[in-house]
Amino acid sequence: MSSPLSAADASIDRRLLFLLSLTCGVAVGNIYFPQAVSPLVASGMGVAPDSAALVVTAAQSGYAAGNFLLVPLGDRFPHRPLIVAMLAVTGAAMLGAAVAPGPAWLIGASAVAGVTTVVAQVIAPMAAGLVAAERRGAVMGTLLAGSIGGILLARTFGGLAGERLGWRAPYLIAAVATLAIAAALAFALPATVPPSRQSYPALLAAPLRLLREEPDLRRSCLYQATLFGGFQAVWTALALYLTGPEYGFGVQAVGVLALVGAGTMAATPAAGRRVDRRGPEPVSLVAITGTIAAAGVLALGALGGAPGLAALAAGTLLLEVAMQSGMIANQARIFALRPDARSRVNTAYMTCAFLGGSTGSWLGAGACTRFGWTAVCALVALLACAALARHLAHRPARAEPRGNGEAKAPSRS
């Protein structure tokens, strides 16, 4: 094992960066592939579709809890044992899900996996401290690309593997992949010195204090909670809709449709450059209005047949681009607030985002099973309109932060 390193001494070579990016993708994918297999869970366990969708809600809620409970520990404990332990618990929880005898067991295992699979949010601050400032943007971009890749491929993987091998297979494969990465990182990660000696209660209290003190953080949390809630509502309901009587497809169709989101990987860098030039506010507005437009396009999926499928493909792509663009704008805004506490600011932000996502997942499943696909689209539009109303009510005091600037003028929110 290597000796502890400070930020000035450590470095990340290409092989380690690739491994960290792969880790982010696998970890994030663990909470997305259940969206594609929930119809198979329903039929395999003999439960109602909306009951099976609670597995997705549990994973999302667990992820929100993990952001709040575990991510701040990255400022208190050495990264290598912390990350390896989190991945090991996630792998064990995935194994538990794969052998679940009933829905309650599966929901519990999914919640545990959601809590501990937040390693991407621990890796990002660690990596930022291990590289020189002139490399930081490139490294962060690579890690984000790994996370986006995990999101895009997870549903495809879940749908294809679940359709051919049964719903338990994706959980088993994910468990093996997660445990293998944990073993690799146990040797590959450099040893680091924790940057803080604060107690655990103090670390937990910091995000709540920041939410109370920073109106722009609260505003960014609202934006992402509503947009991500709509995003999760669509993808949870989409598996039920495409496998229902309207289309009658297998769950692999959900995975294939998810590949349309690959266009996001080309669109989000453009959004980042726009934030650098104009600040986050214009990009936030485009993201919110884009989500409302996506809801209208997705509603045309009720037409059925080829026109309906084309609308679903176009709508999901627009929704994904809008949500990811909003994420870039929001993080540019919040990281300019407290440069000395970015991990804890990010903890507050991501916790709120995934609370919104888990709520949207639950609402989307209920809306689809009780009222149909059009109700899901109406829910997405309603959530985005709440964000739009808040955005239009915002009155900046002087100047908005630009890109990743370190200073911010006070704002009245």
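Heads up: these notes are all about the structure in this document. The model shown is predicted, which means the values in this text are computed figures rather than measured ones.

Rules used in this analysis
Residues numbered from 1 in each chain as written. Predicted model: local features only at pLDDT ≥ 70, side-chain atom pairs only at ≥ 80, totals over all residues. Heavy atoms only, no water. 1 Å grid on protein atoms, 1.4 Å probe; cavity = no way out; pocket = protein on both sides within 12 Å on 5 of 7 lines; lining within 4 Å. Points joined across faces, edges and corners; volume = space filled by probe spheres on them. Helix = DSSP H or I, 4+ residues; strand = E, 2+ residues; numbered from the N terminus. Nonpolar A, V, L, I, M, F, W, Y, C, P; charged D, E, K, R; others polar. Expected span 1.5 Å × (residues − 1). Buried < 20%, exposed > 50% of the residue type's maximum accessible area, 1.4 Å probe, protein only. Core = buried A, V, L, I, M, F, W, Y, C linked by side-chain atoms within 4.5 Å. Contact = heavy atoms within 4.5 Å.

### Considering the layout of surface pockets
- If you add up the space inside the second largest pocket, you get close to 300 Å³.
- Lining the second largest pocket are 17 residues, with G25, V26, G29, G150 and L153 positioned closest to its centre.
- Secondary-structure elements contributing two or more residues to the lining of the second largest pocket are α1 (14-29), α8 (133-165) and α9 (168-188).
- Residues of the lining of the second largest pocket, tallied by class, amount to 10 nonpolar, 7 polar and no charged.

### Some thoughts on helix α4 (residues 54-69)
- Compared with the 22 Å implied by 1.5 Å per residue over 16 residues, the 22 Å span of α4 between its first and last C-alpha is a close match.
- Those residues of α4 that fall on the buried side of the exposure criterion are V55, V56, T57, A58, A59, Q60, G62, Y63, A64, G66 and N67.

### With respect to the nonpolar core
- With 96 residues, the main nonpolar core has Y171, L217 and W373 as its most contacted residues.
- For this core, the leading source of residues is helix α11 (residues 215-242), giving 11 residues.
- Judged by nonpolar contacts, the second largest core, of 7 residues, contains Y223, L227, I288 and A384.

### Quick word on the environment of C377
- Tracing the backbone through its elements, the reader meets C377 in helix α17 (residues 373-393).
- According to the relative accessible area criterion, C377 is buried, its value standing at 5%.
- Discounting residues that sit within four places of it in the chain, C377 has contacts with A295, L298 and A299.

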